[in-house]
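Spelled out, the chains give:
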Amino acid sequence: MFPMHLPNLSRWRAFASPRYRPFQAIATGQAFTGSYASDALFVPLLLRLGAPPELVILVGSFPVAASVVQALAPQILRRMGGNLRRLTLLLTLAELRGFAHAAVVAAIASGLISAPVGILLVSATVAIGQTAGVLSASNINLWAAVVLPDQERRLVGPRMGAMNMALSTLLLLPAGAVLDAGLRSIGLWTYAGFFAVGGLVSILTPLAVARLPYPGRVLVKMGEEPAEPLPEKFRRFTTATAVASLGQGLIPYLSLYAMQVLGASAGFAVILSGSASAGALAGSLTTGAFLLRGSSSRVLRLSFLARSVAAAICALAIPGNPAALPMLVLGSALFNGAGNAGALASNERLYRLAPADLRVRCQSYYVGTTSAAFAVGA
């Protein structure tokens, strides 16, 4: 266990120790999945294939909306005998969805299937794969909370997020220029290449999850006797966060808006995702150090305020505004930076408010409620 007084650099050195190698590998695999097998690429791909914007929004919103099934986690775990390890390993296979995307795009580029069929297959892969990915990430967080003492969890969680965002930024910012150049020279094969790379490195995630410390049997009491009520403070916290999730669901994909309304290229859409990752990295680095001792509720309130400012900046990026595209980049970075800070603060607040014997139920209730609120907004 590391002492709380360690300076930030020393905490990073502690996180770099062999003890946390599985967590480092998970962050690396998730960064490649999030960069080369998720929204950053499938949004411009679907638009290029001729999908209507409404469908793109629906497909992109489905995974978060469908993650309401996390509310059933206690029942699922009970049916599996409390085997959190097996459930999480099964879900992490969805991290390899880049291979499925690559195969579909290669089939379209080769003329084996038509663009409408490709749209259907890509949409299905996103809906199923990213839903499982959201649930997988939630289960990995729960796993870490089970096997690590609170001080170690506060060391590992924020640094996993920061490592993920740093890699995503490095992967996405140059990918925008490569994508535009590739589309001009080899067409859809450029997307297939990015997806294949994403799938290849994403293999790290299930391999690393298999190496995590065994969490034991994770069961929630269920039966004829009434379950212990969730703490009232926790319920109020979840309600407040659900309102924020509702607002987030109302905001469309900025990359979709940039391409369809402002006429930006597919490469700019990817750069926009890179700026979001850079903002999220800044939010993670700032918040991770503060949460070791500071107030998670204060960070959460400030994140709500910053996200409101970011949304206002993006709302001013209207056609005819010569600074519209730079404003989208700024708004995206600020919104995601505040969003990532809010996510870290929410996660910390959740575990501070949830009694140890109710953590599975509390997390399931929290994820289910906030996901449902996002779905309503979207």
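Residues numbered from 1 in each chain as written. Predicted model: local features only at pLDDT ≥ 70, side-chain atom pairs only at ≥ 80, totals over all residues. Heavy atoms only, no water.

### With respect to the overall build of the protein
Inference 1: Counting its secondary structure elements, the protein contains 17 helices and zero strands.
Inference 2: Taken against the 2.2 N^0.38 rule, which gives 21 Å for 378 residues, the C-alpha radius of gyration of the protein at 20 Å falls within 12% of a compact globule.
Inference 3: Going through the 378 residues of the protein one by one, you find that 54% of them count as buried.
Inference 4: Taking the contacts inside the protein whose residues are at least 6 apart along the sequence as the reference set, 86% of them involve residues at least 24 apart.
Inference 5: For the protein, the accessible area works out to roughly 16200 Å², and carbon and sulfur atoms hold 67% of it.
Inference 6: Charge separation in the protein, taken as the distance between the mean sites of 28 positive and 12 negative side-chain charges, equals 7 Å. (Helix = DSSP H or I, 4+ residues; strand = E, 2+ residues; numbered from the N terminus. Rg over C-alpha atoms; globule rule 2.2 N^0.38 Å. Buried < 20%, exposed > 50% of the residue type's maximum accessible area, 1.4 Å probe, protein only. Contact = heavy atoms within 4.5 Å. Areas by Shrake-Rupley, 256 points an atom, 1.4 Å probe, with all protein chains shown as cover. Lys, Arg positive; Asp, Glu negative; His and termini not counted. Charge placed at Lys NZ, Arg CZ, Asp CG, Glu CD.)

### Quick look at the environment of Leu-167
Inference 1: Along the polypeptide, Leu-167 turns up in helix α9 (residues 150-185).
Inference 2: A relative accessible area of 23% means that Leu-167 is categorised as partly exposed.
Inference 3: The sequence separation of Leu-167 and Phe-32 amounts to 135 residues, and the corresponding C-alpha distance is 7.8 Å.
Inference 4: In this view, Leu-167 contacts Thr-28 and Ala-31; residues no more than four positions away in its chain are not counted.

### Thoughts on the side chain of Thr-205
Inference 1: Structurally, Thr-205 can be placed in helix α11 (residues 204-209).
Inference 2: At a separation of 3.5 Å, a polar atom in the side chain of Thr-205 contacts the main-chain amide nitrogen of Gln-30.
Inference 3: Beyond its immediate chain neighbours, meaning those up to four positions away, Thr-205 contacts Ile-26, Gly-29, Gln-30, Thr-92 and Glu-95. (Polar contact = N/O pair within 3.5 Å; in protein donor to acceptor, adjacent residues only side chain to side chain.)

### Thoughts on helix α7 (residues 97-109)
Inference 1: For α7, with 13 residues, the first-to-last C-alpha span of 19 Å sits near the 18 Å given by 1.5 Å per residue.
Inference 2: Listing the buried residues of α7 in full gives Arg-97, Gly-98, His-101, Ala-102, Val-104, Val-105, Ala-107 and Ile-108.
Inference 3: Buried residues in α7 make contact with α2 (21-36), α3 (39-48), α8 (115-147) and α10 (189-202).
Inference 4: Positive backbone phi, approximately 80°, marks Gly-111, located one or two places after α7. (Expected span 1.5 Å × (residues − 1).)

### Considerations on the packing of α3 against helix α4 (residues 53-66)
Inference 1: It is the contact of α3 with α4, at a shortest axis distance of 10 Å, that shows an interaxial angle of 150°. Put simply, α3 runs roughly antiparallel to α4. The handedness of the crossing between α3 and α4 is right-handed. Seen from α3, the contacting residues are Phe-42, Val-43, Leu-46 and Leu-47; seen from α4, they are Val-56, Val-59 and Gly-60.
Inference 2: The residue makeup of the contact of α3 with α4, split by class, is six nonpolar, one polar and no charged. (Axes fitted to C-alpha atoms, helices over the stretch in contact; angles between N-to-C directions. Parallel < 35°, antiparallel > 145°, perpendicular 65-115°, else oblique. Left-handed = near helix turned anticlockwise from the far one by under 90°. Nonpolar A, V, L, I, M, F, W, Y, C, P; charged D, E, K, R; others polar.)

### Things to note about the confidence of the model for the protein
Inference 1: On average, residues of the protein score 84 in pLDDT, and 91% of them are at 70 or above.
Inference 2: Low confidence marks residues 1-7, where pLDDT is under 50. Its contacts with residues over four positions away, or in another chain, come to 14 contacts. (pLDDT = per-residue confidence, 0-100.)

### Comments concerning the environment of Val-117
Inference 1: Mapped onto the fold, Val-117 is located in helix α8.
Inference 2: Taking the C-alpha atoms as reference, Val-117 lies 24 Å from Gly-34; in sequence the two are 83 residues apart.

### Points about a nonpolar patch on the surface
Inference 1: On the surface, Phe-99, Leu-200, Ile-203 and Leu-207 cluster together to form a nonpolar patch covering roughly 370 Å² of accessible area.
Inference 2: Residue placement: Leu-207 occurs in helix α11.
Inference 3: For Leu-207, a relative accessible area of 54% puts it in the exposed group. (Patch = residues over 30% accessible without salt bridge, like charges linked within 9 Å, V, L, I, M, F, W, Y side chains within 5 Å. Salt bridge = Lys/Arg side-chain N within 4 Å of Asp/Glu carboxyl O.)

### Focus on the packing of α9 against α10
Inference 1: Taken N-terminus to C-terminus, the directions of α9 and α10 make an angle of 140°; their axes are 8 Å apart at the nearest point. Of the residues in α10, those in contact with Ala-175, Val-178, Leu-179, Gly-182 and Leu-183 of α9 are Thr-190, Tyr-191 and Phe-194.
Inference 2: Classifying every residue of the contact of α9 with α10 gives six nonpolar, two polar and no charged.

### Considerations on the packing of aromatic side chains
Inference 1: Scanning all chains against the criterion turns up nine aromatic pairs.
Inference 2: Ring centres of Phe-15 and Tyr-20 lie 6.2 Å apart, and the angle between their planes is 20°; on these two criteria the pair is classed as stacked.
Inference 3: Overall, the relative accessible area of 5% leaves Tyr-20 in the buried class.
Inference 4: Ring centres 6.1 Å apart and planes at 80° place the aromatic pair Phe-32 and Tyr-36 in the edge-to-face group. Taken as a pair, Phe-32 and Tyr-36 lie in helix α2 at a separation of four residues, close to a single helical turn. The residues Phe-32 and Tyr-36 share a single accessibility class, namely buried.
Inference 5: When the ring centre of Trp-12 is taken as reference, the NZ or CZ atom of Arg-159 above it lies at 5.6 Å.
Inference 6: Sitting above the plane of the Tyr-365 ring, Arg-235 keeps its charged end 5.2 Å from the centroid. (Phe/Tyr/Trp six-rings, centres within 6.5 Å; stacked < 30°, edge-to-face > 60°. Lys NZ or Arg CZ within 6 Å of the ring centre and 35° of its normal.)

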